[in-house]
Every structure is written in structure tokens, then in C-alpha cells.
Amino acid sequence: MDIIKTFGGMIENMVPKNPMGARRLLLMGYRAQRLALSALAGKKLPPSKRYVARAVMDVIIRALAHPENAAMVSMFTPCEPLSVAGITPYSIETLSGYLSGTECEKVFLDHTAGEGIPETMCSFHRIFIGAADTGLMPKPKFMVYTNVACDGNMITFPYLSHKYGIPSYFIDVPYEKSEDAVQNVAKQLKEMSAFVGDMTGRPVTEDALREAVGRSARTVSNYINYLGYQKERRLPGDLTSEMYAVFMNHILLGTKESEKYSRMLLDDIKKAPINSGLRLLWLHLVPYMQPSVKKLLNFNGKAFITTCDLAYESMIPMDESRPYEAMARRMVYSCYNGNPKGRILQAINMAKRTGADGAVIFAHWGCKATIGAAQIIKKALENEGLPTLILDGDGCDPSNSSDGQIATRLGAFLEMLGGKSK
Ligand code: SF4
């Protein structure tokens, strides 16, 4: 019997009649999974990757169990002010990813289709809106979001803020990268920190923020060092671990957990064996639920992902003595902000750093920013001698992708890279 499928089916049946009961059941399942992560599961993974699975699961459990102390954020929101105020931040992408991983996403997708939300919208947003509309997702205390990278945010956050009747703070990041833009965003982040203090009754002091940004700076430095070792060594891993890295380097950046994870990752890779397998630089989401991609890349020493650009997109040196400017600079100079040139330059640098043999751009269904730039990025990377594949699919709703086609295209790409490296 497929336990996850059966459990997901139970949640789906319960949602329309008893969404609160479905939430309690979901929480029970996640708590059981958390225990399993501590005890048995993930033995094939190194300590850092086992640790990150537990740390992210803890956040999801807290967000569902204590929504009165949680805030909904977009992935590129600097969360240091929230962690300083003791708030649990969570993102649409993470929650929807968990629901999809629990195989209960269909009830939410069907609900949004019935409400007239177009199927061309990204599935992460549709699943989340469905979960909120049906009452499965509890009302958080407040929201913070930004326009960087995701146009879906500009619909989902205002809609849910209105629906839940909760306050939100929007960080408007200018498209152009300049020091004026940094000062502009720093001012907004100062206001956002005051907003968080007002919402929680726990003021965000500049001293505490400096400490948090100091942790962020050390985390970034550890992660960049870790990537350097990828050129020769390989840590066994699965696709999900790569998406956890994205969460740690964004939503939890500035926390003790995130710094600990980056230190463990670095320690683990220093001890990992030398490996001559094919190295892939991944751009955009890693489709960690897609069976064909899992089969080809999970725990495979012959071909593996070294990192994905969502994990390293804002790895910019930070001056912790000026915490607002440091966080603002991450947003303004994020390779996802502005035109695709930034993503191309970062990808070229990271390909060199990690010794990538090829790159894969995952064109997630409904994500206009990545789909629109995919051909431009591919051409630029190939001009630099990096073979690049555009892989169409859906990172959150695997049933919306042709698994056979993905298997054929990715398999052929790996074969071609293998032939080249001989
Ligand atoms: S895949 Fe694209 S549209 Fe969907 S949440 Fe991510 S950035 Fe936004």
C-alpha cells in the first residue's frame, strides 16, 4: 500500500466537509514524519542534509500549529526582522510543495479551477490559494512580500490579505540595480521592521538585527565555500535536499539553524570522496517530485546537481554593521531582479566554481519570469561553452508534466554530456 497516497486521499476527502479536521490530520502526519526523520529515515543522506529536512519540517509544523505567531512571506523577502521578533515565516512555495508532497494537492487545484482562477497561473500559487480558500490553511498574523522574481505574488498576497483581513507590508524593489535603489529599499526595510515590531509587540532592535545579519553573512560565506568543493567532491543527496537549501538560504537566513546547516554542509563536503560524475548547474526550481528526474538524479554518483540558482541567487557579501543596507543590497543585486543578464553572469560564475558539465533550466509551468528568459539564458550559456537544456514541467503538480518526455529529454542530455566528457 502506498501510505502517502492513502494519507493524501484522506486529507482530500476531508477538506470540503471538515477543513479544520483535515488540518489536524495533516499536522499529525507531519509530526509523525518528523519523528521518522529523527529516527530512521534519510540514512543515505549526510548529517547536513538530514538536519535540514528536520529544520524545514519544524517550520512547517510551527506555521500550521501556531498561525497566530506566523507570517506568510514571499521567497525573496529578507526574514531577519521576523526571526528577531520570534515570528515563524513561511512561503507559498514551501507550503504548496509540502501539500503536493503529501499528494493532496488535487483538491486545492480543483477548487481554484472552480473559482475561475486560470490554469495558466503557477501551481504553487493555485494550490496555496485553494488551501486558504477551503480553510485548510490557517490565517497567519500578517504578511510581508516583494515584487522580486515572482509576478504571482502581486496577485496572491493582496488577495489573501483581503480575504484573511490581515495587514501586509509590500517591499517594492526597483528594477534597476544602483546604490540609490539600495537606499530606497533599506528605508522600506526599516519601515518593515517597525511594522513587524508593531504586529508582534516585540520591537526589532538594530543590535539584534546586526547579529542576525552577521549570521546571514557567515552562512553565505560557508555556502560559497561549500560550492567550491563541489568541483571535485560529491555529497550524496536527493532533489528535495536542493530545495531545502533554497529555504535555508532565504526564509531562515539569519537564524542559528541556517548558519548551523551551512557549517555542517561545509564539514560534510570536506570529508566527501572525490567524484568524477557529471555535474549539473540547475536554474530555477528543482522538480523534486517528478519521478523521471528523481530516477535520474537522486543518489546518483554518475550525474548530480551541484546547486540551483535559487539557492545562491543573493549570495552577496554583507556588512552586518549596516543591516538594512545589507538586506536591501541582497534584494536589489539579486540575479533574479532586473533583466536576465544577472542570472546569466551568476550562472557562468557558479558553473566555473562548481565545475559544471552542463546546465538545466527548468521552465516551470506558469512562471513567466523564467519561461520568458529561458531561451536568452540558454543561448548565452552555450556561447560560454556550457551545454544547456530547457526542461519544461511543473515543479509542484507533477501530473501537469509529461514524465516520459522529461525522462527522454533529460536522459539524452546526460548521455550527450557523458559522451563529451570522455
Ligand atoms: S515558480 Fe515562478 S511564479 Fe511560481 S512561485 Fe516561483 S517564481 Fe513565482
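Going by the structure above, here's the rest.
Residues numbered from 1 in each chain as written. Predicted model: local features only at pLDDT ≥ 70, side-chain atom pairs only at ≥ 80, totals over all residues. Heavy atoms only, no water.

Concerning the overall build of the chain
The secondary structure content of the chain amounts to 18 helices and 8 strands. For the chain, the C-alpha radius of gyration of 20 Å lies close to 22 Å, the compact-globule estimate for 422 residues. Each principal axis of the C-alpha distribution contributes one length, and for the chain these read about 60 × 55 × 40 Å. Counting over 422 residues, the chain shows a buried share of 59%. A fraction of 78% describes how many contacts in the chain between residues 6 or more apart in sequence connect residues 24 or more apart. Carbon together with sulfur atoms contributes 55% to the accessible area of the chain, which is approximately 17100 Å² in total. Of the charged side chains in the chain, 49 are positive and 42 negative; the average position of the first set lies 6 Å away from that of the second. (Helix = DSSP H or I, 4+ residues; strand = E, 2+ residues; numbered from the N terminus. Rg over C-alpha atoms; globule rule 2.2 N^0.38 Å. Buried < 20%, exposed > 50% of the residue type's maximum accessible area, 1.4 Å probe, protein only. Contact = heavy atoms within 4.5 Å. Areas by Shrake-Rupley, 256 points an atom, 1.4 Å probe, with all protein chains shown as cover. Lys, Arg positive; Asp, Glu negative; His and termini not counted. Charge placed at Lys NZ, Arg CZ, Asp CG, Glu CD.)

Things to note about the sheet that holds strand β1 (residues 70-73)
Strand order in this open sheet of 4 strands is β2-β1-β3-β4, and the pairing throughout is parallel. Looking at which strands have only one partner, the edges of the open sheet turn out to be β2 (88-91) and β4 (168-171). Between one strand axis and the next, the sheet turns through 20 degrees on average, direction left out of account. Packing against the sheet, helix α3 (residues 47-65) makes contact with β1 and β2, and its axis sits at approximately 100 degrees to β2. (Pairing = 2+ DSSP bridges. Axes fitted to C-alpha atoms, helices over the stretch in contact; angles between N-to-C directions.)

A short note on the nonpolar core
If you look at the biggest cluster of nonpolar residues, it comprises 144 residues, and the most contacted ones within it are W282 and L297. Per-element tally for this core: the top contributor is α3, with 11 residues. (Core = buried A, V, L, I, M, F, W, Y, C linked by side-chain atoms within 4.5 Å.)

Examining the packing of aromatic side chains
Within the structure shown, the criterion is met by 8 aromatic pairs. Centroid distance Y145 to F170: 5.0 Å. Interplanar angle 35 degrees. Geometry classified as tilted. Taken together, the positions of Y145 in strand β3 (residues 142-146) and F170 in strand β4 put the pair 25 residues apart, joining distant regions of the chain. Relative to F195, the ring of Y169 lies with its centre 5.8 Å away and its plane at 45 degrees, an arrangement referred to as tilted. (Phe/Tyr/Trp six-rings, centres within 6.5 Å; stacked < 30°, edge-to-face > 60°.)

What to know about the site of the ligand
Lining the immediate environment of the ligand, one finds E93, C122, H125, C150, H284, L285, H364 and C367. Taken atom by atom, the bulk of the ligand overlaps the second largest pocket. (Near = heavy atom within 4 Å. 1 Å grid on protein atoms, 1.4 Å probe; cavity = no way out; pocket = protein on both sides within 12 Å on 5 of 7 lines; lining within 4 Å. Sits in = over half its atoms within 2 Å of the grid points.)

Describing the pairing of β3
Counting buried positions along β3 yields 5 of 5 residues, so the element is predominantly enclosed. Residue alternation in β3 divides its side chains into two sets, F142, V144 and T146 and M143 and Y145, and both sets are buried. As paired strands, β1 and β3 are joined by 3 bridges and run parallel to one another. When the sheet's bridge partners are listed, V73 is paired in β3 with V144. By the bridge criterion, 4 bridges tie β3 to β4 in an arrangement that is parallel. Residue pairing in the sheet places Y145 in a bridge with F170 of β4. Note on the crossover from β3 through helix α8 (residues 153-164) to β4: the handedness is right-handed. (Right-handed = clockwise from strand over helix to strand, strands pointing away.)

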